[in-house]
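Architecture and fold: a report
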Amino acid sequence: MRAPPPASRIRPADMLRIRCPWCGLRDETEFAYGGEAHIERPPDDSSDAAWAEYLYFRRNVKGIVFERWQHARGCRQWFNVARDNVTHVIQAVYRNDEPKPPVGDGEERL
Amino acid sequence: MTRQRYSIWSLARHALRGHRDWLPAWRTPTPKSSYDVIVIGGGGHGLATAYFLAKTHGIRNVAVLERDWIGGGNSGRNTQVVRSNYFYKASVDFFEHSLKLYENLSRELNFNVMLSQRGIMTLAHSRHDLEMTRRWANAIQMNGVDSEILTREGVKRVEPLINLDARFPIHGGFIQRRGGIVRHDAVNWGFARAADALGVDIIQNCPVSGFESRAGRVTGVATAHGVLRADRFVLNVAGHSSVLAQRAGFRLPITSMALQAMVTEPVKPMLNSVVMSPAVHVYTSQSDRGEIVIGGAADVYSSYAQRGSLAVIEDFIAAAVELFPALARLKLMRHWAGIVDISPDTSPIMGKTPVENLYINCGWGTGGFKAIPAGGDTMAHTVANDRPHPLIAPFALDRFERGALIDEGAAAGVAH
């Protein structure tokens, strides 16, 4: 039987490890993804176009994204993550009541 | 433009000469500064759109711009499944049109796409699953497409190696016998070759970095070859649709995610059909080379990395091995990911955009391959007439504002 691959061949980028603000560094399988963060509900009398925008349309940038995650198989708290969706490097983890951290918002690749 | 016709005779003739003088299947042209139509994205949908523009509508002054090489993106990364077992009439009509075009595609393109209609079998893992399966199979029949409900024993007859008493036992299922697999590279190469023969310029290694526009119209695209101009533009860039749409000045209801697939080492024939389980979310088939192809759901978070998470691979494998315990001893040869454009209702977005002369074909998410011939046919019609083809009118971008979603994800519950 062949020996298992050396640990060094499993790169951190093969899977996310997220630092939950309450529980610390955990594997991606403990978390649920909640989509883009900082989306504001429009006023009740908004147009159909504004509601469609709120419900369905997303920035979906290539680069740094701000998104909601829940530690679903842990403390079950929701929080926000700033992540590079090309390299999977997590730039910041912050609570829902904290402002967007200044980590390359709008930075984009092609 | 002449092209060598492929046949048993041309194959024999070239074999006698040691296969030394095959001509390239398509040219490598220098781009002209202006075209009638520029198709952005040289995947299956883009190439098919160019082919049908030239063939059906006589618009031959067309360029296809591909950022890498033909077949290097999702068109060469999918798991080759074709089927039309959808739930809603709009979807069934469209995908059945596509399957019918696939049935004649080798002849149409003079290129063997190796269509194998071995059947696609969907499994039910509980009594409730079985109820939903019946509803689904009946809906397909009501829409005029073949589907057949299977008992437990029926499932076993299709796949003798399946483990009926798996962790989630198999209660039955249904099969669309006309579903199956097609060699994906052959579809890309066949459309590229046929479009090229009609005069379409296929320009590889030509990423588009932005648009030039005037008075609400796109006038040109910025590329490595400078600004290329055209009257009309078609965007077929899958996972990068949002990025380019934003540069053209509008937004899309799309999230880009990684979808993974993998193949094992090749073995003798052991799977007869394409087996799909919505409940444990895996599907598998055996390629003509003998490799077992395994796929499943997309990774759960947004990604442009063309590389997925190991945890997801583990899920696919666990489900596949539980269904077919014989797979447990095989080694994986390759695994990969493509960036797929997932829409809120998991139905495609096709037709016009807020920009007057820019058309879009995206939102295929995890299931665009099966739609390539119909996507090309209907988009070419839409671009040529500046009016949506009747088959794709329900899939327009404005359906989100009108609330007219085609919610296949919930209704069919499938891995596309």
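Bear in mind the structure is a predicted one, so any value in this text is a computation, not a measurement.

**As for the overall build of chain A**
- Of regular secondary structure, chain A possesses 1 helix and 6 strands.
- Along chain A, helices (α) and strands (β) appear in the sequence β-β-β-α-β-β-β when read from the amino end.
- Looking at chain A residue by residue over its 110 residues, the buried ones come to 34%.
- Residue pairs in contact within chain A that sit at least 24 positions apart in sequence constitute 48% of those at least 6 positions apart.

**A word on the pattern of salt bridges**
- Under the criterion given, the structure shown has 29 salt bridges over all chains.
- The shortest N-O distance in the salt bridge between Arg-95 of chain A and Glu-98 of chain A comes to 4.0 Å.
- The exposure class assigned to Arg-95 of chain A is partly exposed, which follows from its relative accessible area of 35%.
- With relative accessibility at 31%, the residue Glu-98 of chain A sits in the partly exposed group.
- In this structure, Arg-152 of chain B and Asp-165 of chain B form a salt bridge, with 3.0 Å as the shortest nitrogen-oxygen distance. With Arg-152 of chain B in helix H6 (residues 152–158) and Asp-165 of chain B in the loop between H6 and strand S6 (172–176), this pair connects stretches of sequence that are 13 residues apart.
- On the basis of relative accessible area, Asp-165 of chain B is assigned to the exposed category, the value being 56%.
- Beyond isolated ion pairs, a larger network of salt bridges with shared partners links Glu-96, Lys-100, Glu-103, Asp-146 and Arg-178 of chain B.

**What about the sheet that holds strand S4 (residues 64–70) of chain A?**
Residues and elements named next belong to chain A.
- Ordered in space as S3-S4-S5-S6, the 4 strands form an open sheet in which the pairing is antiparallel. Both outer strands of the open sheet, strand S3 (32–36) and strand S6 (90–94), are each paired with one neighbouring strand and no more. Shown here is a sheet whose adjacent strand axes are inclined to one another by a mean of 30°, direction ignored.
- Taken together, the 7 bridges between S4 and strand S5 (residues 78–84) define a ladder with antiparallel strand orientation. Looking at S5, one finds that Val-65 is bridged to Arg-83.

**Here we look at the domain arrangement of chain B**
All names here are of chain B.
- In terms of domain boundaries, chain B breaks down into domain 1 (32–84 + 86–111 + 184–252 + 344–402) and domain 2 (120–179 + 256–342).
- For domain 1 and domain 2, the distance between their C-alpha centres works out to 28 Å.
- Listed as interface residues are 28 residues of domain 1 and, on the opposing side, 27 residues of domain 2.
- Summed over both partners, the interface of domain 1 with domain 2 buries about 2300 Å², with 55% contributed by carbon and sulfur atoms.
- Of all residues in domain 1, Arg-77, Thr-79 and Phe-87 give up the largest surface area on contact with domain 2, accounting jointly for 27% of the area buried on that side.
- Close ionic contact of Glu-103 with Arg-178 constitutes a salt bridge, the shortest N to O distance being 3.1 Å.
- Put simply, domain 1 and domain 2 have 13 residue pairs in polar contact (both at pLDDT 80 or more) between them.
- Every element with two or more residues in the side of domain 1 that touches domain 2 is listed here: strand S3 (81–82), helix H3 (89–103) and helix H8 (241–248).
- At 6 residues, the largest contribution of residues to the side of domain 1 that touches domain 2 is made by H3.
- Split into classes, the residues belonging to the side of domain 1 that touches domain 2 amount to 12 nonpolar, 10 polar and 6 charged.

**Observations regarding the interface of chain B and chain A**
- If you look at the interface, chain B gives 32 residues, while chain A gives 31 residues.
- Here chain B packs against chain A, burying approximately 2700 Å² in sum over the two surfaces, 54% of which is carbon and sulfur.
- Contact with chain A buries surface across chain B, with Arg-251, Tyr-301 and Arg-307 of chain B losing the most and accounting together for 26% of the total.
- If you look at where chain B meets chain A, you find 1 salt bridge.
- Between Arg-251 of chain B and Glu-53 of chain A there is a salt bridge; the shortest N-O distance is 2.5 Å.
- Seen at the junction of chain B and chain A, the total is 13 residue pairs in polar contact (both at pLDDT 80 or more).
- Listing elements by their share of the side of chain B that touches chain A, those giving two or more residues are strand S9 (208–214), H8, strand S12 (255–264), helix H9 (310–323) and helix H11 (399–402) of chain B.

**Here's the deal with helix H1 (residues 8–16) of chain B**
- Regarding H1 of chain B, its N-cap is Ser-7 of chain B, as a side-chain oxygen of that residue lies 3.2 Å from the backbone nitrogen of Trp-9 of chain B further along.
- Positive backbone phi, approximately 70°, marks Gly-18 of chain B, located one or two places after H1 of chain B.

**Regarding the packing of H3 of chain B against helix H10 (residues 372–385) of chain B**
Residue and element names in this part refer to chain B.
- As a packed pair, H3 and H10 sit with axes 7 Å apart at the nearest point and diverge in direction by 110°. Our classification of the angle between H3 and H10 gives roughly perpendicular. Contacts between H3 and H10 involve Phe-94, His-97, Ser-98, Leu-101 and Tyr-102 on the former and, on the latter, Ile-372, Pro-373, Ala-374, Gly-375, Asp-377 and Thr-378.
- Class assignment of the residues belonging to the contact of H3 with H10 gives a composition of 6 nonpolar, 4 polar and 1 charged.

**Some words on the packing of aromatic side chains**
- This model, assessed by the stated rule, comprises 19 aromatic pairs over all chains.
- Taken together, the ring pairs in this structure connect Tyr-86, Phe-94, Phe-95, Trp-364 and Phe-395 of chain B into an aromatic cluster.
- Positioned above the aromatic ring of Trp-78 of chain A is the side chain of Arg-68 of chain A, whose terminal nitrogen or guanidinium carbon lies 4.6 Å from the ring centre.
- In this structure, Lys-100 of chain A packs its charged tip against the face of Phe-66 of chain A, placed 4.8 Å from the ring centre.

**Things to note about a nonpolar patch on the surface**
All names here are of chain B.
- A cluster of nonpolar side chains, contributed by Ile-8, Trp-9, Leu-11 and Trp-22, occupies part of the molecular surface with about 480 Å² of accessible area.
- Tracing the backbone shows Ile-8 in helix H1.
- When its relative accessible area of 59% is taken as the criterion, Ile-8 is described as exposed.

**What to know about the sheet that holds strand S15 (residues 292–296) of chain B**
All names here are of chain B.
- Within the open sheet, the 8 strands sit side by side as S5-S6-S4-S13-S14-S15-S12-S16. Their pairing is mixed. Among the strands making up the open sheet, the edge pair consists of strand S5 (148–150) and strand S16 (332–342). Averaged over all neighbouring strand pairs, the angle between strand axes comes to 20°, with direction disregarded.
- Bridge count for strand S4 (residues 120–124) against strand S13 (residues 274–277) is 3 bridges, and the pairing is parallel. Note on S13: the bridge partner recorded for Met-121 is Val-275.
- Across the sheet, H9 touches S4, S12, S13, strand S14 (282–286), S15 and S16, and the angle it forms with S12 is around 45°.

Parameters at a glance
- Residues numbered from 1 in each chain as written.
- Chains lettered and ligands numbered in written order.
- Predicted model: local features only at pLDDT ≥ 70, side-chain atom pairs only at ≥ 80, totals over all residues.
- Heavy atoms only, no water.
- Helix = DSSP H or I, 4+ residues; strand = E, 2+ residues; numbered from the N terminus.
- Buried < 20%, exposed > 50% of the residue type's maximum accessible area, 1.4 Å probe, protein only.
- Contact = heavy atoms within 4.5 Å.
- Salt bridge = Lys/Arg side-chain N within 4 Å of Asp/Glu carboxyl O.
- Pairing = 2+ DSSP bridges.
- Axes fitted to C-alpha atoms, helices over the stretch in contact; angles between N-to-C directions.
- Domains from an automatic or database assignment.
- Buried area = accessible area lost by both parts, 1.4 Å probe.
- Polar contact = N/O pair within 3.5 Å; in protein donor to acceptor, adjacent residues only side chain to side chain.
- Nonpolar A, V, L, I, M, F, W, Y, C, P; charged D, E, K, R; others polar.
- Parallel < 35°, antiparallel > 145°, perpendicular 65-115°, else oblique.
- Phe/Tyr/Trp six-rings, centres within 6.5 Å; stacked < 30°, edge-to-face > 60°.
- Lys NZ or Arg CZ within 6 Å of the ring centre and 35° of its normal.
- Patch = residues over 30% accessible without salt bridge, like charges linked within 9 Å, V, L, I, M, F, W, Y side chains within 5 Å.
- Areas by Shrake-Rupley, 256 points an atom, 1.4 Å probe, with all protein chains shown as cover.

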